[in-house]
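Next come the chains, spelled out residue by residue.
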Amino acid sequence: MKRYAALFLSLLLLVAMTACGGQPADNSSPDGEESTPAHTPGLQIPEKGGKKPVGTKDPEQTSEQATDPDLVYSELVERFRTLVSDPFGQDSDKPGEMGVLEFARAAGDNAVYEMGYLIEDLSGDGIPELAVGGLNGMTNALYTLVDGKPELVFEGWYRSSYVYMGDGHFYYYGANSAAENGQGVFYLTKDGTELECESFLFTGLNSDGDLDVYYNETGSWDPAESEKSDMTAEDFWALDPAGEPLPLTPFSGTEVGSANESRVPVSVRYLTEAGDVDCDWVTLYDGAGAAVLLFTTDSPVRSFTVLTLELTDFTETGAAIFSATPVVLEEGLDSLPEVMTVDTPVAVQLGFMGTIPNYGISYVDGGGNLRRFALVQSGYDGSVLLEEADPNETQFILPGEVSG
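Computed from a prediction, not measured in an experiment: that's the story for all the values here. (Residues numbered from 1 in each chain as written. Predicted model: local features only at pLDDT ≥ 70, side-chain atom pairs only at ≥ 80, totals over all residues. Heavy atoms only, no water.)

**Let's talk about the packing of aromatic side chains**
Taken as a whole and assessed by the stated rule, the structure comprises 19 aromatic pairs. Here the aromatic rings of tyrosine 162 and tyrosine 172 are separated by 5.1 Å at their centres, their planes lie at 55°, and the arrangement is tilted. Of this pair, tyrosine 162 sits in strand 7 (residues 160-166) while tyrosine 172 sits in strand 8 (residues 169-175), and the two are ten residues apart along the sequence. Across this residue pair, the class does not change: tyrosine 162 and tyrosine 172 are buried. Three or more aromatic residues joined by ring pairs make a cluster, and in this case those are Phe154, Tyr162, Tyr164, Phe170, Tyr172, Phe186, Phe200, Phe202, Tyr214 and Trp221. (Phe/Tyr/Trp six-rings, centres within 6.5 Å; stacked < 30°, edge-to-face > 60°. Helix = DSSP H or I, 4+ residues; strand = E, 2+ residues; numbered from the N terminus. Buried < 20%, exposed > 50% of the residue type's maximum accessible area, 1.4 Å probe, protein only.)

Written out as structure tokens, the structure reads:
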């Protein structure tokens, strides 16, 4: 699932979890507000064709509901296409739509290319489900048919997310805080109407201030309802369950990536070896745990700038407002190109601190548009992502909420 590292809902929202119906249920939403383990205790990644729950729905009823799922789901698909096509011009607090809207706002102009839908029977009851989410793996909303009508099964967002594993199973990633993180395997009930927990791991601070890992099969975040695992926090974060992204149809109607060349020219990745490329260099932090990010562009951009971000306030809708200050370059050590091209990448050495973005970038693209992005780490696999600030605002505003 390391492929799930493209644009994973880079919004940093506060999630509170409770045990409900066998899955980690949310006390908050995106508007309120992440790997096969090496024989780690307690976590059993299901093999394809493995454990499945007993069926509960009348087969005669299910066969009728599956007659024309494309038609039954068509209104929902078009609704999501509208949200994804104009995420900043839309708003919704409807369950099932909030996570999709969060992802779309993070993807910006690329949302219609990076998000899509799939109508397919995932639970094995003969009734196709509708999955909506990112082509890179995250499922933001899943519906099934009950009495011939779409019914929401679950929704996911950045800090409470689900990635399909195959055979009706989903891998869950969530967080209550920087110290409380959860991962687990959940499966669709035979009728496709609920998720049930198969195994769940979560971290928490002990009395010495160190991280312990707990295990249960209920989805509870309560250590008193769980067993302490022998896993270390490093083992927990090293989990890498098998799975491939669902084959979603992009809302654009074209293959993913068709927008990347012109719409968002600058991309970022970790630079593992400093000698790999010849580039301009900026050092912001060189202590323990420092990372080097390599910024590249597929078309010329002007005024490439590294920003220091500081959370200052929230809008009435919960969007996070940051102060964005250009970093001061150290003469003789730091340099940035006047015009960044394919042949002039930029490396920035820095340190990520907590879950709130503390660095960003800005540049002027080929169309003369000022583009501004926060640098965030994926809650799924730690990959670095670019989250675009609202282009319609003069302040540096990230849609959604961050955990402060």
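**Considerations on the sheet that holds strand 15 (residues 280-283)**
With mixed pairing, four strands are arranged side by side in an open sheet as 14-16-20-15. Of all the strands in the sheet, just strand 14 (266-270) and strand 15 have a single pairing partner and so form its edges. Each strand axis lies, on average, 20° off the axis of its neighbour in the sheet, ignoring direction. Taken together, the four bridges between strand 15 and strand 20 (residues 346-350) define a ladder with parallel strand orientation. Looking at strand 20, one finds that valine 282 is bridged to valine 348. (Pairing = 2+ DSSP bridges. Axes fitted to C-alpha atoms, helices over the stretch in contact; angles between N-to-C directions.)

**Observations concerning the nonpolar core**
Counting 25 residues, the largest nonpolar core has Phe80, Val84, Met115, Leu130, Val132 and Phe251 as its most contacted members. Every element with two or more residues in this core is listed here: helix 2 (69-85), helix 3 (98-107), helix 4 (111-114), strand 3 (115-120), strand 4 (129-134) and strand 5 (138-146). When residues of this core are assigned to their parent elements, the largest contribution, six residues, is made by helix 2. Setting aside anything within four residues of it in sequence, one finds phenylalanine 80 in contact with Gly96, Glu97, Val100, Val132, Ala141, Tyr143 and Phe251. (Core = buried A, V, L, I, M, F, W, Y, C linked by side-chain atoms within 4.5 Å. Contact = heavy atoms within 4.5 Å.)

**As for the environment of methionine 115**
With respect to the helices, strands and loops of the structure, methionine 115 is situated in strand 3. On the accessibility criterion, methionine 115 (0% relative accessible area) is buried. Taking C-alpha positions, methionine 115 is 9.7 Å from threonine 139, a pair spaced 24 residues apart along the chain. Non-local contacts of methionine 115, meaning those with residues more than four positions away in its chain, are made with Val84, Val100, Phe103, Ala104, Gly133, Gly134, Leu135, Asn140, Thr249, Pro250 and Phe251.

**A look at helix 3**
The element helix 3 is largely enclosed, with a buried count of ten among its ten residues. Turning to helix 3, its buried residues are Met98, Gly99, Val100, Leu101, Glu102, Phe103, Ala104, Arg105, Ala106 and Ala107. Downstream of helix 3 by one or two residues, glycine 108 has phi in the positive range, about 60°.

**Topic: the pairing of strand 23 (residues 384-388)**
Burial within strand 23 is extensive, with five of its five residues counted as buried. Burial along strand 23 is two-sided: Val384, Leu386 and Glu388 facing one way and Leu385 and Glu387 facing the other are all buried. Direction of pairing for strand 22 (residues 370-377) relative to strand 23: antiparallel, over a ladder of five bridges. For valine 376, the partnering residue across the bridge sits in strand 23 and is leucine 385.

**Concerning the pattern of salt bridges**
Side chains carrying opposite charge are able to pair once their charged atoms draw close together. All told, the structure shown has six salt bridges when counted by the stated rule. Of the charged contacts in the structure, one is a salt bridge between glutamate 97 and arginine 79, with a shortest N-O distance of 3.0 Å. Note that glutamate 97 is positioned in the loop between helix 2 and helix 3 and arginine 79 in helix 2, a separation of 18 residues in sequence. The class for glutamate 97 is buried, based on a relative accessible area of 5%. We classify arginine 79 as partly exposed; its relative accessible area is 28%. Here the residues in one salt-bridge network are Asp365, Arg371 and Glu388, joined through shared partners. (Salt bridge = Lys/Arg side-chain N within 4 Å of Asp/Glu carboxyl O.)

**Looking at the side chain of threonine 139**
If you trace the backbone, threonine 139 turns up in strand 5. On the basis of relative accessible area, threonine 139 is assigned to the buried category, the value being 2%. Setting aside residues up to four positions removed in sequence, threonine 139 forms contacts with Val132, Gly133, Phe154, Gly156, Tyr162, Phe170 and Leu246.

**Comments concerning helix 2**
With 17 residues, helix 2 ought to run about 24 Å at 1.5 Å a step, and its terminal C-alpha atoms sit 23 Å apart, in line with that. Of all the bends found along helix 2, the most pronounced is centred on glutamate 75 and spans about 40°. Within helix 2, the full set of buried residues consists of Pro69, Tyr73, Leu76, Val77, Phe80, Leu83 and Val84. Elements that come into contact with the buried residues of helix 2 comprise helix 3, helix 4, strand 3, strand 4, strand 5 and strand 6 (149-155). (Expected span 1.5 Å × (residues − 1). Bend = angle between axes of the 7 residues up to and from the residue.)

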